[in-house]
Amino acid sequence: MRLDKFLKVSRIIKRRTVANEACDTEHVEVNGKRAKASYDVKEGDIIAVTYGERTLKIRVVDVREHAAKADAASMYEVIN
């Protein structure tokens, strides 16, 4: 699954266009490297999303095409 779509489906970022822009402006890293929106997300990837001063670091647990709002958080686990 594309990185921008994963960020949207997992509800980390609300809209796919916003996720795409975050990738284009280098606010998203996968496994320590800047990633484009077209990056193919796999289970076990470490994704870091920078929101201003704050950085959210997650590990991909599950990749699904669709997820209900209640199930979205089960697609990843937060790492500190």
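Preceding this section is the structure that the text describes.
Residues numbered from 1 in each chain as written. Predicted model: local features only at pLDDT ≥ 70, side-chain atom pairs only at ≥ 80, totals over all residues. Heavy atoms only, no water.

S.K.: Got a sec to walk through the nonpolar core? Specific residues and values, please.
M.R.: If you look at the biggest cluster of nonpolar residues, it comprises 23 residues, and the most contacted ones within it are Leu3, Phe6, Leu7, Ile12, Val28 and Ile47. The set of elements that each furnish at least two residues to this core consists of helix H1 (3-9), helix H2 (16-24), strand S1 (28-30), strand S3 (46-51) and strand S4 (54-60). The leading source of residues in this core is H1, at 4 residues. The contacts of Phe6, once residues within four sequence positions are left out, are Met1, Ile12, Val41, Ile47, Ile58, Val60, Asp62 and Met75. (Core = buried A, V, L, I, M, F, W, Y, C linked by side-chain atoms within 4.5 Å. Buried < 20%, exposed > 50% of the residue type's maximum accessible area, 1.4 Å probe, protein only. Helix = DSSP H or I, 4+ residues; strand = E, 2+ residues; numbered from the N terminus. Contact = heavy atoms within 4.5 Å.)

S.K.: Kindly report on the sheet that holds strand S2 (residues 33-34), identifying the contributing residues and their values.
M.R.: Spatially, 5 strands are ordered S2-S1-S3-S4-S5 in an open sheet, and the strand pairing comes out antiparallel. The strands lining the two open edges of the sheet, one partner per strand, are S2 and strand S5 (76-79). With 3 bridges connecting them, S1 and S3 associate as antiparallel partners. By the bridge assignment, Val28 is partnered in S3 with Val49. (Pairing = 2+ DSSP bridges.)

S.K.: I'd like a description of the pattern of salt bridges, backed by residues and values.
M.R.: Summed over the entire model, instances satisfying the criterion amount to 6 salt bridges. A salt bridge links Asp4 to Arg16; the shortest N-O distance between them is 3.4 Å. Placement of Asp4 in helix H1 and of Arg16 in helix H2 is noted, with a sequence separation of 12 residues between them. Each of Arg2, Asp4 and Arg16 takes part in one network of salt bridges that share partners. (Salt bridge = Lys/Arg side-chain N within 4 Å of Asp/Glu carboxyl O.)

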